[in-house]
Amino acid sequence: MRAVFIRFIDCEGPGILEPLLREAGYRISFQNAYDRRIHLMPEIHLNFDLIVMLGGPQSVADPAEQEFFKPYYDIVNNVVALPNKKLIGICLGSQIIAKALGANVRPGTKGPETGFSDLQLLKPEHVIFKGIQKESILAFHLHEDIFDIPVGAEHLLASDFYANQMFSYKNKVFAFQTHLEPTLEMLRVWQSVHKEFIAKGNGDFSEIEVKQKVMAETANTIFRNIIKL
């Protein structure tokens, strides 16, 4: 089995997802979309069993960026159309998925959502939550754009700040507005790289070492359940 991570900024990598995929026997590749000299590999949806689109500073809501995003919208539609393919989108990746599936993506009216907060499990009986015996999980946020839930998708996670935090589509496409994947090292880098954006919000960045460990426990369960589908 083969998986590819599409990165839209160099500091937003696979985090805890990469070792989980290697544990499951996947061979891993990377596509650096932030280097616009490099073109998306042809027929990427045919070459990989799982495609993961990660976060980045670009905006799906920006009309000037639509030509850049078009090949990634095509990936979503191709994965949906083909059997035995899966797609995970995180932050920007989730917004790409939502837009490709016909939902509106726009700047949130409350401004940036940053730092740690609890997310409510809206359908705790869903297969991706198997093994989680809690009504909420801890997650990390670093975004301002938000999406509507596409028609036909299942709304699975919500926060008090912005309700639409995660959805699944046909149990093969999984869109996470929130971040569950970052390692402690990634969070420390983000605090530096994204400090100007973080300053616009009022998120919780306290005890990040403890909170990252708590977050990773449930994130590992969710990602393993998706990988096994």
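Refer to the structure above for everything that follows.
All values derive from a computational prediction rather than experimental measurement.

Caption draft 1: Quick look at the environment of leucine 229. The topology assignment puts leucine 229 in the segment after helix 7 (208-228). Its relative accessible area of 38% is what places leucine 229 among the partly exposed residues. Along the primary structure leucine 229 and isoleucine 128 are separated by 101 residues, whereas in three dimensions their C-alpha atoms are 8.6 Å apart.

Caption draft 2: Summary view of helix 5 (residues 184-193). If you check which residues of helix 5 are buried, you get Leu184, Met186, Leu187 and Trp190. Projection of helix 5 onto a plane perpendicular to its axis shows the buried side chains occupying an angular sector of 155°, all on one side. Its buried side turned inward, helix 5 meets strand 6 (113-121), strand 7 (136-143), helix 6 (195-198) and helix 7.

Caption draft 3: Fine view of the packing of helix 3 (residues 66-81) against helix 4 (residues 92-100). Two numbers describe how helix 3 lies on helix 4: the axes approach to 9 Å, and their chain directions differ by 75°. The angle between the axes of helix 3 and helix 4 places the two elements in the roughly perpendicular class. Seen from helix 3, the contacting residues are Gln66, Phe69, Tyr72, Tyr73, Val76 and Asn77; seen from helix 4, they are Leu92, Ile96, Ile97, Lys99 and Ala100. Classifying every residue of the contact of helix 3 with helix 4 gives eight nonpolar, two polar and one charged.

Caption draft 4: The packing of helix 5 against helix 7, seen in detail. Running from N to C, helix 5 and helix 7 point in directions that differ by 130°, and their axes come no closer than 10 Å. Considered as vectors, helix 5 and helix 7 are oriented oblique to each other. Crossing geometry of helix 5 relative to helix 7 is assigned as right-handed. Residue-level inspection shows Leu184, Leu187, Arg188 and Gln191 of helix 5 in contact with helix 7, the latter providing Ile208, Glu209 and Gln212. Residues that form the contact of helix 5 with helix 7 fall into these classes: three nonpolar, two polar and two charged.

Caption draft 5: Expanded view of the sheet that holds strand 10 (residues 166-169). The strand order across the open sheet formed by nine strands is 2-1-3-4-11-10-9-6-7, and the pairing between neighbours is mixed. In the strand order of this sheet, the two ends are held by strand 2 (27-32) and strand 7, each with one partner. Across the sheet, the axes of successive neighbouring strands diverge by a mean angle of 20°, strand direction being ignored. In terms of strand pairing, strand 1 (residues 2-7) meets strand 2 through six bridges, oriented parallel. Considered in strand 2, the bridge of isoleucine 6 is made with glutamine 31. Here helix 3 sits on the sheet and contacts strand 1, strand 3 (50-53), strand 4 (86-90), strand 10 and strand 11 (173-176); the angle it forms with strand 3, its principal contact strand, is near 145°.

Caption draft 6: Molecular detail of the packing of aromatic side chains. A complete count under the given rule lists twelve aromatic pairs for this structure. Between phenylalanine 147 and phenylalanine 167, the aromatic rings sit 5.2 Å apart at their centres with planes inclined by 85°, giving edge-to-face as the arrangement. Remark: phenylalanine 167 occurs in strand 10 and phenylalanine 147 occurs in strand 8 (residues 145-147); sequence separation between them is 20 residues. According to the relative accessible area criterion, phenylalanine 147 is buried, its value standing at 1%. On the basis of an interplanar angle of 90° and a centroid distance of 4.9 Å, the ring pair of phenylalanine 161 and tyrosine 162 is categorised as edge-to-face.

Caption draft 7: Fine view of the side chain of arginine 7. The topology assignment puts arginine 7 in strand 1. At 7.5 Å, glutamate 18 is the nearest oppositely charged side chain to arginine 7, a buried residue that forms no salt bridge. Residues in contact with arginine 7, not counting those within four places in the same chain, are Glu12, Gly13, Phe30, Gln31, Asn32, Ala33, Tyr34 and Leu54.

Criteria and cut-off values
Residues numbered from 1 in each chain as written. Predicted model: local features only at pLDDT ≥ 70, side-chain atom pairs only at ≥ 80, totals over all residues. Heavy atoms only, no water. Helix = DSSP H or I, 4+ residues; strand = E, 2+ residues; numbered from the N terminus. Buried < 20%, exposed > 50% of the residue type's maximum accessible area, 1.4 Å probe, protein only. Arc of directions from axis to C-beta. Contact = heavy atoms within 4.5 Å. Axes fitted to C-alpha atoms, helices over the stretch in contact; angles between N-to-C directions. Parallel < 35°, antiparallel > 145°, perpendicular 65-115°, else oblique. Nonpolar A, V, L, I, M, F, W, Y, C, P; charged D, E, K, R; others polar. Left-handed = near helix turned anticlockwise from the far one by under 90°. Pairing = 2+ DSSP bridges. Phe/Tyr/Trp six-rings, centres within 6.5 Å; stacked < 30°, edge-to-face > 60°. Lys, Arg positive; Asp, Glu negative; His and termini not counted. Salt bridge = Lys/Arg side-chain N within 4 Å of Asp/Glu carboxyl O.

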